[in-house]
Each structure stands twice: as C-alpha cells, then as structure tokens.
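Chain residues, written in single-letter form:
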Amino acid sequence: MRRLILIRHAKSSWDDPDIDDHARTLNDRGRHDAPRIARWLAEKGHVPDEVLCSDAVRARETWDLISGGLPGDAAELHLLPELYHAGPREMIAALHRARGRSVAMIGHNPTIGEVARRLAATAPDHPKFGQYPTAATLVLDFRTDDWRGVLPDTGTLVDFVVPKDLD
C-alpha cells in the first residue's frame, strides 16, 4: 500500500509585480492556511515520510509551515526544480521515483489539479475539487508496493480538503 498526499502551494503574494514568479513568497493568507492544513493532516494521521516539492519559494514555504505542524520525525525532503513547470507526465514520473510509503507532493496548478483528477479512481464530492484552489490537499491510497505501479484512475480516495473547509 502507498499513500499520496497532493498539496497545491498556499496562497502567494502578488505585492511586487516585478518579482520573478519562481521567487514569489506566500501572502498572509497563505501563511495562515498552511499551518491549518498541517493540523488537519496531523489530526487525520496523513503524515508523509517523503516530500517531493517544487523548488519555487512559495512551495518551499508551504512545506516549511506544514512540516512544523506534523508529529514525528521530519519527512525526507526533495526539492525538485522540474516540478516548477512540470506537466502531469513529468509530475507522475517524479512520483514513480519516490521511495517512501507515504509521499507528499507540493506543486502548482494547473498540473497538481490535473494529476489529482488523473490518479483518483473516484473524484471527491466537493465543489472545489475541479478548481484545486491554493492549499487544496488530496489524499489517495494505492494498492501497490512500488510507486511505479501507480497508474491513472487507480487511487482510492481517502480525503480532500481546502482551507475554507477548516474555518
């Protein structure tokens, strides 16, 4: 059994329109939402042992804020530049190289939402799933002993949440 946690980075700042997109940080709402997602993950027992994270600043900040709210030892973090502009195929290829039993991937839309839609055998009955808003988090289980066994439409839905659900 393998567990995948797909997290879109938290809300980023657009205060400086001249800053490079890769360097954008989280805004106040993002810094508020990421720890709330961490609490939800911890309460549900969805704690990764490996993290594949875009190397964009807002994705790294999201993980930093989430990881601080999770129990146990820190997950093994891999900052992957290829996840910044990845398409679904590249993102799934990165997942196929994972080694942990419970892996979190932190990335960007539209890709992370598309990967969620491709991998879930059944989509969550949630009005925001199709939009996959910032900090949206999907948890899927796969009946496989190796991440290379993860194929489209094979993920069993465990949970889905967006920050507004935690208000």
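Summary of the structure given here. (Residues numbered from 1 in each chain as written. Predicted model: local features only at pLDDT ≥ 70, side-chain atom pairs only at ≥ 80, totals over all residues. Heavy atoms only, no water.)

### Things to note about the sheet that holds strand E6 (residues 156-161)
If you trace the 6 strands from one edge of the open sheet to the other, you get E3-E2-E4-E1-E5-E6, paired in mixed fashion. Two strands lie at the open edges of the sheet, namely strand E3 (76-80) and E6, each paired on one side alone. Here the strands of the sheet are splayed against their neighbours by 15 degrees on average, with no regard to which way each runs. Two strands pair when backbone bridges link them, and strand E1 (residues 2-8) and strand E5 (residues 137-142) are joined in this way by 6 bridges, in the antiparallel orientation. Directly across from Arg3, in E5, lies its bridge partner Asp141. Against the sheet, helix H2 (residues 57-67) engages E1, strand E2 (50-54), E3 and strand E4 (102-107), with an angle of about 150 degrees to E2. The strands touched by helix H4 (residues 111-119) are E1, E4 and E5; relative to E1, the strand with the most contacts, the crossing angle is about 150 degrees. (Pairing = 2+ DSSP bridges. Helix = DSSP H or I, 4+ residues; strand = E, 2+ residues; numbered from the N terminus. Axes fitted to C-alpha atoms, helices over the stretch in contact; angles between N-to-C directions. Contact = heavy atoms within 4.5 Å.)

### Quick notes on helix H1 (residues 28-44)
Taking 1.5 Å per residue as the helical rise, H1 with its 17 residues ought to reach 24 Å, and the 25 Å between its terminal C-alpha atoms agrees with that figure. Here H1 has its buried residues at Gly30, Asp33, Ala34, Arg36, Ile37, Ala38, Trp40 and Leu41. Close packing links the buried residues of H1 with E1, H2, E5 and E6. Residue Asn27 occupies the N-cap position of H1, its side-chain oxygen lying 3.0 Å from the main-chain nitrogen of Arg29. A positive backbone phi angle near 80 degrees is found at Gly45, which sits one or two residues after H1. (Expected span 1.5 Å × (residues − 1). Buried < 20%, exposed > 50% of the residue type's maximum accessible area, 1.4 Å probe, protein only. Polar contact = N/O pair within 3.5 Å; in protein donor to acceptor, adjacent residues only side chain to side chain.)

### What about the packing of H1 against H2?
The interhelical angle for the contact between H1 and H2, taken along N-to-C directions, is 45 degrees, at an axis separation of 8 Å. Relative to H2, the element H1 lies oblique. Handedness of the crossing formed by H1 with H2: right-handed. Residues Gly30, Arg31, Ala34, Pro35, Ile37, Ala38 and Leu41 of H1 form the contact with H2, whose participating residues are Glu61, Thr62, Leu65 and Ile66. By residue class, the composition of the contact of H1 with H2 is 7 nonpolar, 2 polar and 2 charged. (Parallel < 35°, antiparallel > 145°, perpendicular 65-115°, else oblique. Left-handed = near helix turned anticlockwise from the far one by under 90°. Nonpolar A, V, L, I, M, F, W, Y, C, P; charged D, E, K, R; others polar.)

### A look at the packing of aromatic side chains
Taken as a whole and judged by the stated rule, the model has 4 aromatic pairs. Between the aromatic rings of Phe129 and Phe160, the centroid separation amounts to 5.2 Å while the plane-to-plane angle is 85 degrees, which identifies the pairing as edge-to-face. With Phe129 in the loop between H4 and E5 and Phe160 in strand E6, this pair connects stretches of sequence that are 31 residues apart. Per residue, the accessibility class of Phe129 equals that of Phe160, and both read buried. Each residue in the set Phe129, Tyr132 and Phe160 is aromatic and connected to the rest through ring pairs, giving one cluster. (Phe/Tyr/Trp six-rings, centres within 6.5 Å; stacked < 30°, edge-to-face > 60°.)

### Let's talk about the nonpolar core
Residues Leu6, Leu95, Met105, Leu119 and Tyr132 are the most contacted members of the largest nonpolar core, which totals 28 residues. Elements supplying a minimum of two residues to this core: E1, helix H3 (88-96), E4, H4 and E5. When near neighbours in sequence (up to four residues on either side) are disregarded, Leu95 contacts Leu4, Leu52, Val103, Met105, Leu119, Trp147 and Val150. Ile37, Trp40, Leu41 and Val139 belong to the second largest nonpolar core, which has 21 residues in total. (Core = buried A, V, L, I, M, F, W, Y, C linked by side-chain atoms within 4.5 Å.)

### With respect to the pairing of E4
Summarising burial for E4: 6 of the 6 residues are buried, a large majority. Because side chains alternate across E4, one face comprises the buried residues Ser102, Ala104 and Ile106, and the other comprises Val103, Met105 and Gly107, equally buried. Across 6 bridges, the pairing between E1 and E4 is parallel. Of the residues in E4, the one forming a bridge with Arg8 is Gly107. Pairing of E2 with E4, which is carried by 4 bridges, proceeds in the parallel orientation. Note on E4: the bridge partner recorded for Cys53 is Ile106.

Purely spatial values, then, with no claim about function.
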